[in-house]
Amino acid sequence: MRPSHFLLTSLAMVAAVPGGEWHPPNLTTESAKDLLLETGTCCAALSQALGAMVSYPGQHSFESSVASYWSVLERELSPSCVVTPNEKSDVSRAVFILRIGDEVFPGQCNFAVRSGGHTPFAGSANIESGTTIDLTKLRPIDVSADRTSNFEVVLASGEIVNANATSHPDLWRALKGGSNNFGIVTSLTMRTFPQGDFWGGFLVIDIAAIEQQFAAFEALLGNPDYDPYASLIFTLFWDAPTDVWATSYSMHYTKPMENPPAFRNFTSLPQLYGTMRTSNLTDFALELAVTNPSDHRDLFVTATCRNSAEMMAAIYRISQTIVAPLRSVPNIKLSISMQPQPAFLSRKSASTGGNAFGLNDEDEDLFNVLLTITWDRAEDDALVYRQARSLLDQLEAAARDLGVDHPYIYLNYAGPWQLDAIVAGYGAESVERLRETSRKYDPRGVFQRQVPGGFKLGI
Ligand SMILES: Cc1cc2nc3c(=O)[nH]c(=O)nc-3n(C[C@H](O)[C@H](O)[C@H](O)COP(=O)(O)OP(=O)(O)OC[C@H]3O[C@@H](n4cnc5c(N)ncnc54)[C@H](O)[C@@H]3O)c2cc1C
């Protein structure tokens, strides 16, 4: 943990005019241009400025960075170089050189920003023939004594600013849902609370009782007094070799209370397997990790629906219709998860500064749908994508027919072809505010043009 005076010192040091002509110590626009012209490429200029933090194909640091993406689809991209900064000032110099580099070598200094590297599709946090800034060495974990939150951000100019409720609040709000559109976050101070042991685990309920499970989900989510300690992920699993479906739950109640009333509509149904227990967060996280192995090709696709057991039944019906062609795909795993998104979450967010998702005054109970598919062979990509799109198209049509469709698309679960629709889902007012914030903090549009990966504002 950093001492609290660190934050105050950083705040005092930041320049006052975001997006102004700023340059890092020992580097000016002119000297950066000279460096780029002398060295001939952005990667070479970065090497000159950052030394061993810049690595190339064949070097251990490059190869281990590329190999550590969760999905094989991201690993298949090969950047020209990887920058692995040790601290925020290295990120600042890298962004400065890449921005000036685009003036010297137009279109040749594009870059990607990578943290955990968990996004499944290619190009979100990696780039072909560009520069990948791999932030995995920046792991500051701050717990703020006064329970506020804060983003430390390297802007397109290279300038480092703090964004929080009182300093650059527009940027702070935009970063809550704005992804890589505004800058590179180099440190995050989070609001925390003490969490002791709690009750939860993994539960398999007999799929014969599927209608009762949908009804239990609808009742849990629709309860006007939703119990905020109750969290669950309901999953429909398809076993390809046997063509059999099963239903499971990742179910947690964040108090050490066994079988709380909120879950009894589920736990009273016939159970086939369960690990429900009182334990700690690390133990539960490790249990979840086992069900999400890396080293495969992966696809996430998502939708948001209004609370409806009928819609859940429709999702199950549609899912069954798209899987038959996928039985020929070796080692395929397919599941559809549904997670409650009760209205009080949006209201809580609005009361703590709001977000960019456009859900601040959402007064409806929603649920998130996540289709996850993993497979191994590149030759199956087209078939997998086709079936996933078919499922989503049918699902969206069914939601419209039932009057339970919702435009919101959860960024973390979006499929590659859903990225443009994310902007629409945020709503016109939120998007306009995000675009204004982008123009203010990144007037040259560096993060729109030079960082093509992931969700973009479409400016
Ligand atoms: C097994 C598994 C389980 C998951 N479970 C959940 C879950 O329960 N809930 C959930 O919400 N999500 C979940 N996800 C999705 C995951 O949390 C999101 O994809 C998340 O964005 C990944 O974060 P990352 O640091 O790995 O991002 P990366 O994949 O590294 O990057 C994601 C995007 O953010 C940008 N970015 C990364 N770092 C920065 C930065 N410092 N500054 C600016 N932009 C940046 C990148 O450019 C990229 O566009 C899961 C993913 C996996 C693989």
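Structural notes, computed from the coordinates. Being a predicted model, the structure only gives us computed values, none of them experimental.

Bringing the site of the ligand into the picture now. Around the ligand there are 21 residues in total, and Val113, Ser115, Gly116, Thr119 and Tyr410 lie nearest to it. Contacts to the ligand include Gly117, whose backbone N or O atom sits 2.8 Å from an oxygen atom. Side-chain polar atom of Tyr413 to a nitrogen atom of the ligand: 3.2 Å apart, as the coordinates give it. Computed on the free molecule, the ligand has an accessible area of 960 Å², of which 75% lies beneath the protein chains in the complex. Looking at the shell around the ligand, its residues break down into nine nonpolar, eleven polar and one charged.

Another point: the sheet that holds strand 3 (residues 111–114). With mixed pairing, the four strands of this open sheet are ordered in space as 1-2-4-3. The sheet terminates laterally at strand 1 (54–55) and strand 3, the two strands that pair on one side only. One ladder, built from four bridges, connects strand 3 with strand 4 (residues 131–134); its direction is parallel. Across the sheet, Arg114 pairs through a bridge with Asp134, a residue of strand 4. Across the sheet, helix 6 (residues 88–104) touches strand 2 (81–83), strand 3 and strand 4, and the angle it forms with strand 4 is around 165°.

At a closest axis distance of 10 Å, the pairing of helix 3 (residues 42–50) and helix 6 adopts a crossing angle of 150°. In terms of their interaxial angle, helix 3 and helix 6 are classed as roughly antiparallel. Handedness of the crossing formed by helix 3 with helix 6: right-handed. Within the contact between the two elements, helix 3 uses Cys42, Ala45, Leu46, Ala49 and Leu50 and helix 6 uses Asp90, Arg93, Ala94, Ile97, Leu98 and Gly101. Of the residues that constitute the contact of helix 3 with helix 6, the class distribution is eight nonpolar, one polar and two charged.

Positive phi, close to 50°, is recorded for His168, a residue that is not glycine. Residue classification places His168 among the buried positions, given a relative accessible area of 16%. Unlike most non-glycine residues, Asp243 shows phi in positive territory, near 55°. Within the fold, Asp243 resides in the loop between strand 10 (230–239) and strand 11 (244–253).

What follows concerns the state of the cysteines. The bond known as a disulfide is covalent and runs between the sulfur atoms of two cysteines. This model, assessed by the stated rule, comprises two disulfides. Shown here is the disulfide that connects Cys42 with Cys109, its sulfur atoms set 2.0 Å apart. Taking the sign of the S-S torsion, about 95° here, the bridge from Cys42 to Cys109 comes out right-handed. Taken together, the positions of Cys42 in helix 3 and Cys109 in the loop between helix 6 and strand 3 put the pair 67 residues apart, joining distant regions of the chain. An identical accessibility class is assigned to Cys42 and Cys109; each is buried. Cysteine pairing in the protein chain follows 1-4, 2-3, where each cysteine in a disulfide is numbered by its order in the sequence.

Owing to its 3.6 residues per turn, the α-helix brings residues three or four apart onto one side. When the terminal C-alpha atoms of helix 8 (residues 210–222) are compared, their 18 Å separation across 13 residues agrees well with the 18 Å that a helix rising 1.5 Å per residue should span. Along helix 8, the residues that are buried comprise Ile210, Gln213, Phe214, Ala216, Phe217, Leu220 and Leu221. One side of helix 8 carries all its buried residues, which in axial view fall inside an arc of 160°.

Considering the arrangement of structural elements, one finds Thr302 in strand 14 (residues 297–306). Relative accessible area serves as the criterion here: at 1%, Thr302 is assigned to the buried category. Reaching out from Thr302, the side chain makes a polar contact with the backbone oxygen of Val369 at a distance of 2.7 Å. For Thr302, the residues in contact, after removing those within four places along its chain, are Asn368, Val369, Leu370, Leu392, Ile409, Tyr410, Tyr413, Ala414 and Gln418.

In terms of nonpolar packing, the biggest core is built from 60 residues, with Phe266, Met311, Leu334, Ile336 and Phe367 touching the most fellow members. For this core, the element with the most residues is helix 11 (residues 309–322), which contributes nine residues. Setting aside its immediate chain neighbours within four residues, Ile336 contacts Phe234, Thr235, Leu236, Trp245, Ile315, Ser319, Val369, Leu370, Leu371 and Leu391. Grouped together as the second largest cluster of nonpolar side chains are 34 residues, Ile97, Leu98, Cys109 and Ala156 included.

In this section: the pairing of strand 16 (residues 366–375). Among the ten residues that make up strand 16, ten are buried, leaving the element largely enclosed by the rest of the structure. Sheet topology places strand 14 next to strand 16; ten bridges connect them, and they run antiparallel. In the sheet register, Val301 faces strand 16, and the bridge partner there is Leu371. Note: strand 15 (residues 333–341) against strand 16, nine bridges, orientation antiparallel. For Leu334, the partnering residue across the bridge sits in strand 16 and is Ile373.

Scanning all chains against the criterion turns up 20 aromatic pairs. Residues Phe217 and Phe234 carry aromatic rings whose centres are separated by 6.4 Å and whose planes lie at 55° to one another, so their mutual orientation is tilted. Taken together, the positions of Phe217 in helix 8 and Phe234 in strand 10 put the pair 17 residues apart, joining distant regions of the chain. Summarising the burial analysis for this pair, Phe217 and Phe234 share the class buried. What links up through ring pairs into an aromatic cluster is the set Phe214, Phe217, Phe234, Tyr249, Phe266 and Phe367. Note that Arg114 overlies the ring of Tyr69, its terminal NZ or CZ placed 4.2 Å from the centroid. Residue placement shows Lys255 over the ring face of Tyr229; its charged tip is 4.2 Å from the ring centre.

Conventions we followed
- Residues numbered from 1 in each chain as written.
- Predicted model: local features only at pLDDT ≥ 70, side-chain atom pairs only at ≥ 80, totals over all residues.
- Heavy atoms only, no water.
- Near = heavy atom within 4 Å.
- Polar contact = N/O pair within 3.5 Å; in protein donor to acceptor, adjacent residues only side chain to side chain.
- Areas by Shrake-Rupley, 256 points an atom, 1.4 Å probe, with all protein chains shown as cover.
- Nonpolar A, V, L, I, M, F, W, Y, C, P; charged D, E, K, R; others polar.
- Pairing = 2+ DSSP bridges.
- Helix = DSSP H or I, 4+ residues; strand = E, 2+ residues; numbered from the N terminus.
- Contact = heavy atoms within 4.5 Å.
- Axes fitted to C-alpha atoms, helices over the stretch in contact; angles between N-to-C directions.
- Parallel < 35°, antiparallel > 145°, perpendicular 65-115°, else oblique.
- Left-handed = near helix turned anticlockwise from the far one by under 90°.
- Buried < 20%, exposed > 50% of the residue type's maximum accessible area, 1.4 Å probe, protein only.
- Disulfide = S-S within 2.5 Å.
- Expected span 1.5 Å × (residues − 1).
- Arc of directions from axis to C-beta.
- Core = buried A, V, L, I, M, F, W, Y, C linked by side-chain atoms within 4.5 Å.
- Phe/Tyr/Trp six-rings, centres within 6.5 Å; stacked < 30°, edge-to-face > 60°.
- Lys NZ or Arg CZ within 6 Å of the ring centre and 35° of its normal.

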